[in-house]
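If you want the building blocks of each chain, they are given just below.
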2 protein chains.
Amino acid sequence: MSITWTTTQKQRLMELGAVQELATRTFGDAADRDQSFQRIESELVGANKQALMAHKGQGSRPVLNELGDKLIDCLRRQGFSQVNTPIIIAKSTLERMTITDDSPLAEQVFWVDHNKCLRPMLAPNLYSVMKDLYRQWGDPVRIFEIGSCFRKESQGKYHLNEFTMLNLVEMGVADGQQENRLRALISMVMKAVGMTNYKVEKNSSEVYGETIDVVCGDLELSSGAYGPHSLDNLWGVFTPWVGLGIGVERLAMALEGHRNIKRVGRSLSYWNGFRLNI
Amino acid sequence: MSITWTTTQKQRLMELGAVQELATRTFGDAADRDQSFQRIESELVGANKQALMAHKGQGSRPVLNELGDKLIDCLRRQGFSQVNTPIIIAKSTLERMTITDDSPLAEQVFWVDHNKCLRPMLAPNLYSVMKDLYRQWGDPVRIFEIGSCFRKESQGKYHLNEFTMLNLVEMGVADGQQENRLRALISMVMKAVGMTNYKVEKNSSEVYGETIDVVCGDLELSSGAYGPHSLDNLWGVFTPWVGLGIGVERLAMALEGHRNIKRVGRSLSYWNGFRLNI
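Residues numbered from 1 in each chain as written. Chains lettered and ligands numbered in written order. Predicted model: local features only at pLDDT ≥ 70, side-chain atom pairs only at ≥ 80, totals over all residues. Heavy atoms only, no water.

Attention now goes to empty space enclosed by the protein. Under the defined criterion, the tally for this structure stands at five cavities of 30 Å³ or more. Here the largest cavity defines a volume of roughly 640 Å³. Lining the largest cavity are 29 residues, with Asn 65 and Ile 146 of chain A together with Asn 65, Ile 146 and Arg 266 of chain B sitting closest to its centre. Among the elements of the structure, helix H4 (63–77) and strand E7 (141–150) of chain A together with helix H4 (63–77) and strand E7 (141–150) of chain B are those that each provide at least two residues to the lining of the largest cavity. Class assignment of the residues belonging to the lining of the largest cavity gives a composition of nine nonpolar, 14 polar and six charged. Its volume calculated, the second largest cavity comes out at about 100 Å³. Lining the second largest cavity are 15 residues, and of these Asn 84 of chain A together with Pro 62, Gly 265, Trp 271 and Asn 272 of chain B sit closest to its centre. (1 Å grid on protein atoms, 1.4 Å probe; cavity = no way out; pocket = protein on both sides within 12 Å on 5 of 7 lines; lining within 4 Å. Points joined across faces, edges and corners; volume = space filled by probe spheres on them. Helix = DSSP H or I, 4+ residues; strand = E, 2+ residues; numbered from the N terminus. Nonpolar A, V, L, I, M, F, W, Y, C, P; charged D, E, K, R; others polar.)

Structure (structure tokens):
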């Protein structure tokens, strides 16, 4: 009979970034296992410390921020201007995204008071800004925001309560060309960050209808939508558009080969992939 | 007898970025005033549109983000590493900053549930990270974070409910040299952003005791604190440190010569100083 790690041992090894083969190893008996655990834990702690020491005094910037920089540079070169919109948004704004009290997403919303919440997505604010800029700029309007969004998640290996979204929108794409334009934008941003291991899929979304999504294995990295769309009227938008949302922590996780998204997100336990409190 | 703008007229002119002389102009009678208002409003709307049009398709980055880039670059060159910590923090964390239910600051805190809130400052998270990094790095620990903080403010011309803080901390400064080090860091960051019109003042703070502050006129741009400090024990910190917090919107406001901080902050009404919904 062979045994594997205890739950506590396995959790500890995962926290320390053990690879899959290690986390699923089997042993003849408990003594053998526990001895292996102590040795491996000590090695992983040492490796973590050594990797962290290499950053001492180096003025390092986390992968999450470096990825953000690459995405921002790429989009600016294509004429997309950056915007900064409020993190606390009105409940009525969510309702205009058809997210009402009985929507599945509503349960994930962090409420700040009875009619204000933390934005679970950037789309409603971008609808507002793109409409106003269109009135002044006309075609094309190309903008993006990168910033924190918030959802009460089950906190699995792919989810964070606080995550970083980059969302671009473009008005002025020819009607009928939306899907092509989205595919071109996807290629452009994935190339900008050096991501090659991905597939583009069509899916259906509660809010957006058909979406053009980017997946890496079973991890959704990005989701694209377009209009004319049934929501547009509510926002005063009457022109074809495309929009693409990118989960920046997920992209960082995929590029770094991490198996837990916590390593790259906002955290007091990890810094830039390394464990802090070991 | 001379009259001035109606409250509504004055507010509108301020929104459109009218200079002080315009906002305080006087008139012989209401007809004269209202005619002037229409002409000036039209000019300001035209100027706003023209300035906004110059950004169409340019891939522009708001002053707020550009300032952030300059501060980040300057700090990284000095060996400060960037960190990204949670925006939603535990109530117990605030208590460890001596912010309890009866503190003046407590009334400004946005609560997400009974024991979680939006961070009103970066300091508690940085205390936690600097302690952990010190255990692994030893002297010196040089880190910074730049990100959103939240306070329920009266929303005057210098305050925002959501604002961007840059906070640096350094452990490993010689005891007795904290004030000198803070003054050197202040010179360094102000030079990096091209800010020359400022004074350094000593003040006393509810939380930190003595602070070394940077002011521009009556606007506080930055506040520095240092340890050993009475809070340090609670955080497991036993080494001299200095910390400097910079209000990035306030710095942007001072550098751009704006008279209302809303123009540079997160907003659906302004983009990069320009009015969106006129």
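Moving on, we get to the UniProt feature "domain: Aminoacyl-transfer RNA synthetases class-II family profile" (unreviewed entry) in chain A. Per the UniProt record, "domain: Aminoacyl-transfer RNA synthetases class-II family profile" (unreviewed entry) is found at residues 75–255 of chain A. For residues 75–255 of chain A, the end-to-end C-alpha separation is 19 Å, with 28% helix and 34% strand making up the annotated structure. (UniProt positions renumbered as here; feature names shortened; annotations may be inferred.)

Here we take up the interface of chain A and chain B. Chain A puts 55 residues into the contact, and the matching count from chain B is 55 residues. For the pair chain A and chain B, the two sides together bury roughly 4,800 Å², of which 52% comes from carbon and sulfur. Of all residues in chain A, Asn 84, Gln 136 and Trp 137 of chain A bury the most surface against chain B, accounting for 15% of the area lost on that side. On inspection of chain A and its partner chain B, the count reaches two salt bridges. Among the salt bridges present, the one from Glu 145 of chain B reaches Arg 266 of chain A, with a minimum N-O distance of 3.2 Å. Along the contact surface separating chain A from chain B lie 34 residue pairs in polar contact (both at pLDDT 80 or more). Breaking the side of chain A that touches chain B down by element, the ones donating at least two residues are helix H3 (30–53), H4, strand E3 (81–82), strand E5 (111–113), helix H6 (123–137) and E7 of chain A. (Contact = heavy atoms within 4.5 Å. Buried area = accessible area lost by both parts, 1.4 Å probe. Salt bridge = Lys/Arg side-chain N within 4 Å of Asp/Glu carboxyl O. Polar contact = N/O pair within 3.5 Å; in protein donor to acceptor, adjacent residues only side chain to side chain.)

This brings us to helix H3 (residues 30–53) of chain B. Residues and elements named next belong to chain B. A rise of 1.5 Å per residue sets the reference length of H3, with its 24 residues, at 34 Å; its end C-alpha atoms lie 34 Å apart and thus fit the reference within 8%. All of the buried residues in H3 are Arg 33, Ser 36, Phe 37, Ile 40, Leu 44, Asn 48 and Leu 52. Residue Asp 29 occupies the N-cap position of H3, its side-chain oxygen lying 3.1 Å from the main-chain nitrogen of Ala 31. (Expected span 1.5 Å × (residues − 1). Buried < 20%, exposed > 50% of the residue type's maximum accessible area, 1.4 Å probe, protein only.)

Take the confidence of the model for chain A next. Mean pLDDT for chain A: 94, with 100% of residues reaching 70 or above. Taken together, the chains of this predicted complex give a pTM of 0.94 and an interface ipTM of 0.94. (pLDDT = per-residue confidence, 0-100.)

Moving on, we come to the relation of the copies chain A and chain B. Superposing chain A onto chain B takes a rotation of 180° combined with a translation of 0.0 Å along the rotation axis, leaving an RMSD of 0.0 Å. What the superposition gives is, in effect, a two-fold axis relating one chain to the other. Among all residues of chain A, the minimum C-alpha distance to the rotation axis is found for Val 112 of chain A, at 2.6 Å. The overlap is high: 100% of the interface residues of chain A also sit at the interface in chain B, so the same surface is used on both sides. (Least-squares fit on C-alpha atoms with pLDDT ≥ 70 in both.)

Counting across every chain of the model gives twelve aromatic pairs over all chains. Where Trp 5 of chain B meets Phe 37 of chain B, the ring centres are 6.1 Å apart and the plane angle is 65°; that geometry is what we call edge-to-face. Here the residue Trp 5 of chain B occupies a position in the loop between strand E1 (3–4) and helix H1 (7–15), and Phe 37 of chain B occupies one in helix H3, the gap between them amounting to 32 residues. One exposure class covers both Trp 5 of chain B and Phe 37 of chain B, and it is buried. Taken together, the aromatic side chains of Trp 5, Phe 27 and Phe 37 of chain A make up a single cluster linked through ring pairs. (Phe/Tyr/Trp six-rings, centres within 6.5 Å; stacked < 30°, edge-to-face > 60°.)

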